[in-house]
Amino acid sequence: MSEYNFTDTAAFHGVWVFCEQRDGVIQSISYQLLSEGRKLANDIGVELCGVVLGSSVNPDYLKALGGYGADRVYYLDSPLLKDYTTDGYAKVLCDLVKDKKPEIVLIGATNIGRDLGPRCAARLHTGLTADATHLDIDTTKYVEFLKESSSLDMSKQKFDYEDRNLKMTRPAFGGHLMATIICPRFRPQMSTVRPGVMQTQEYDEASAAKVVVENIPVELSADDIGVEILEIKKSAAKMVDLIGADVIVSVGRGISSDPEKGIALAEELAGVLGGVVGASRAVVDAGMISSDHQVGQTGKTVHPRIYVALGISGAIQHVAGMQDSETIIAVNKNESAPIFGVANYGIVGDLFKVVPQLIAEIKAVQAAK
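Figured I'd write up the structure that's included with this text.

Comments concerning the overall build of the protein
Next, step 1: Each helix and strand in the protein was counted, giving ten helices and 17 strands.
Next, step 2: A compact globule built from 369 residues should have a C-alpha radius of gyration of about 21 Å, and the protein, at 23 Å, falls within 12% of that.
Next, step 3: Once the C-alpha set of the protein is aligned to its principal axes, its extents read approximately 70 × 55 × 40 Å.
Next, step 4: Across the 369 residues in the protein, those meeting the buried criterion constitute 49%.
Next, step 5: Within the protein, residue pairs in contact and separated by at least 24 positions form 69% of the contacts whose partners lie at least 6 positions apart.
Next, step 6: Put simply, the protein shows about 18,000 Å² of open surface, and 50% of that area lies on carbon and sulfur atoms.

So this is what it looks like as C-alpha cells:
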C-alpha cells in the first residue's frame, strides 16, 4: 500500500460509490448514486467506480452496476462481509480508500450508510456531509442550481469557476435553510445521500458488458470485528414505501380540524388510485401520522406519477421533496396557497367536501370500464 496523506489532495483521483448489498442483493440507492456519480465523474474526466462488500454476490449483479454508469467495480468478498458490521466494513473500506485514493466517496444515507460513513470519515481524517440532497462539481452548474433554488442576489456573489471541489448541499436548521458544504483541504470528499433524491438513469446493456469487475483481496479477521452476529431478526412492522410509489396522496395542516377523518379520506383516495399516503412535516410533528409518511427536505424525496396534496400550503421544505412528480394535484381552501404555484391541477375548496366527490367520481369511472 502506498503512503497515505489525506492532505495531499492532488494524489486523489476518481469518484466512488459504496454499493450497498443486503442478503446478496444490491440496493436501489446504489443505482441512484451511480447515476449521479456518472455526471460528477464526467464533469472532471475521471473514472467512476462502484465498491461492493459482501460474500458470494451474484456476478451478474456486479456487472449490472456498469449499466448504471460504473466504469469499474471493486468487489471484496469474505464470509465476514456477508452481513454488515461497523468494524468489519469500516476497516475494509478504509483500507481500500488508502490504497486507491479516490477523491470522492458517495454512500447512501440508509441505516447502514449513516453508520458506515461517519466511521470511515473519522478514520480517514476527512470531512463528511450527511444527508446531501444536491451535488455539483462544475461551478457553472452550481450557479444555475442556486439561481433556481435560492433567494440569493447572484449579482453580489463571487465564484471560482476553476474550483473542482465537490459542492454538497443539504438541509440545515430543521430544513429552513439549505447549506452548501465543501471539503477543500482533505481527501476523499465524502457524502451520504438520501434515497430517492437522485434520479436513476436508464439501464445501458452495452455499458454493463464493458464494466471491469476487479476482485480485491480482503485482509479481515474475526479479531478485527468487535461483535459476533448470532442471528438477524427482521421487523414485521409495516412501513409505507413512498419512494417506490406510483401515486402518493399527502395530507397537511388542512386536516387538523379532524385528523382521523382527514387521514381516512386520504387512505381511501389512495386506495382507489392504487397509491399510498404521505404527509407534510407539520402533520408528522403534530403526531397525527408516523414519520415514515413524511415528504420533504427532512423526510423523503419522491418522484411519483401522481402526487395529490390535500390541505398542504406548499412550504418550500415540502415542495423540495415532491416538485419533480409528473403530475401534481392540489386541494386547498386558500386560493393563494404556494402549492398552487407548482401544481398542474388545483382545486380551491374544503378537502373534507372535495375528496369524497373525487373518490365517488373515480369509482364511477372505474365501474364503467
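Still to come is the rest of the account.
Some remarks on the sheet that holds strand 8 (residues 134-136)
Next, step 1: The strand order across the open sheet built from three strands is 8-9-10, with neighbouring strands paired in antiparallel fashion. The open sheet has two edge strands with one neighbour each: strand 8 and strand 10 (177-181). Adjacent strand axes in the sheet meet at a mean angle of 25°, parallel and antiparallel pairs treated alike.
Next, step 2: Pairing between strand 8 and strand 9 (residues 167-172): three bridges, direction antiparallel. From the neighbouring strand, histidine 134 faces strand 9, where its bridge partner is threonine 169.

Side note on the pairing of strand 9
Next, step 1: Along strand 9, five of the six residues are buried, which leaves the element largely enclosed by surrounding structure.
Next, step 2: Both strand 9 and strand 10 contribute to a ladder of five bridges, which runs antiparallel. Across the sheet, residue proline 171 finds its bridge partner in strand 10, namely methionine 178.

Side note on the side chain of threonine 110
Next, step 1: For threonine 110, the location among the structural elements is in the loop between strand 6 (104-108) and helix 4 (111-123).
Next, step 2: Judged by relative accessible area, threonine 110 falls into the buried class, the value being 13%.
Next, step 3: Here the side chain of threonine 110 touches glutamate 20 through a polar contact of 2.6 Å, side chain to side chain.
Next, step 4: Those residues in contact with threonine 110 that sit more than four places away from it in its chain are Glu20, Arg22, Ile29 and Pro195.

Examining the packing of helix 7 (residues 259-273) against helix 10 (residues 351-368)
Next, step 1: At a minimum axis distance of 10 Å, the contact between helix 7 and helix 10 shows a crossing angle of 20°. Judged by the inter-axis angle, helix 7 sits roughly parallel to helix 10. For the pair helix 7 and helix 10, the sense of crossing is left-handed. Along its contact with helix 7, which presents Lys261, Gly262, Leu265, Glu268, Leu269, Val272 and Leu273, the element helix 10 presents Leu351, Phe352, Val355, Pro356, Ile359, Ile362, Lys363 and Gln366.
Next, step 2: A per-class count over the contact of helix 7 with helix 10 returns ten nonpolar, two polar and three charged.

A look at the pattern of salt bridges
Next, step 1: All chains considered together, the criterion is met by 20 salt bridges.
Next, step 2: Salt bridges sharing common partners tie together Glu47, Arg72, Lys100 and Glu214.

A few points about the nonpolar core
Next, step 1: Counting 32 residues, the largest nonpolar core has Leu34, Val52, Leu65, Leu106, Leu135 and Leu166 as its most contacted members.
Next, step 2: Residue assignment for this core shows that the elements contributing at least two residues are strand 1 (15-18), helix 1 (28-44), strand 4 (48-54), strand 5 (72-77) and strand 6.
Next, step 3: In terms of residue count, the dominant contributor to this core is helix 1 (seven residues).

What about the packing of helix 3 (residues 86-100) against helix 4?
Next, step 1: As a packed pair, helix 3 and helix 4 sit with axes 9 Å apart at the nearest point and diverge in direction by 50°. What the angle tells us is that helix 3 and helix 4 run oblique. In this structure, helix 3 meets helix 4 at a crossing whose hand is right-handed. Residues Thr86, Asp87, Tyr89, Ala90, Lys91, Leu93 and Cys94 of helix 3 form the contact with helix 4, whose participating residues are Asp115, Leu116, Arg119, Cys120 and Arg123.
Next, step 2: Per-class residue counts for the contact of helix 3 with helix 4 are six nonpolar, one polar and five charged.

What counts, and at which threshold
- Residues numbered from 1 in each chain as written.
- Predicted model: local features only at pLDDT ≥ 70, side-chain atom pairs only at ≥ 80, totals over all residues.
- Heavy atoms only, no water.
- Helix = DSSP H or I, 4+ residues; strand = E, 2+ residues; numbered from the N terminus.
- Rg over C-alpha atoms; globule rule 2.2 N^0.38 Å.
- Buried < 20%, exposed > 50% of the residue type's maximum accessible area, 1.4 Å probe, protein only.
- Contact = heavy atoms within 4.5 Å.
- Areas by Shrake-Rupley, 256 points an atom, 1.4 Å probe, with all protein chains shown as cover.
- Pairing = 2+ DSSP bridges.
- Axes fitted to C-alpha atoms, helices over the stretch in contact; angles between N-to-C directions.
- Polar contact = N/O pair within 3.5 Å; in protein donor to acceptor, adjacent residues only side chain to side chain.
- Parallel < 35°, antiparallel > 145°, perpendicular 65-115°, else oblique.
- Left-handed = near helix turned anticlockwise from the far one by under 90°.
- Nonpolar A, V, L, I, M, F, W, Y, C, P; charged D, E, K, R; others polar.
- Salt bridge = Lys/Arg side-chain N within 4 Å of Asp/Glu carboxyl O.
- Core = buried A, V, L, I, M, F, W, Y, C linked by side-chain atoms within 4.5 Å.

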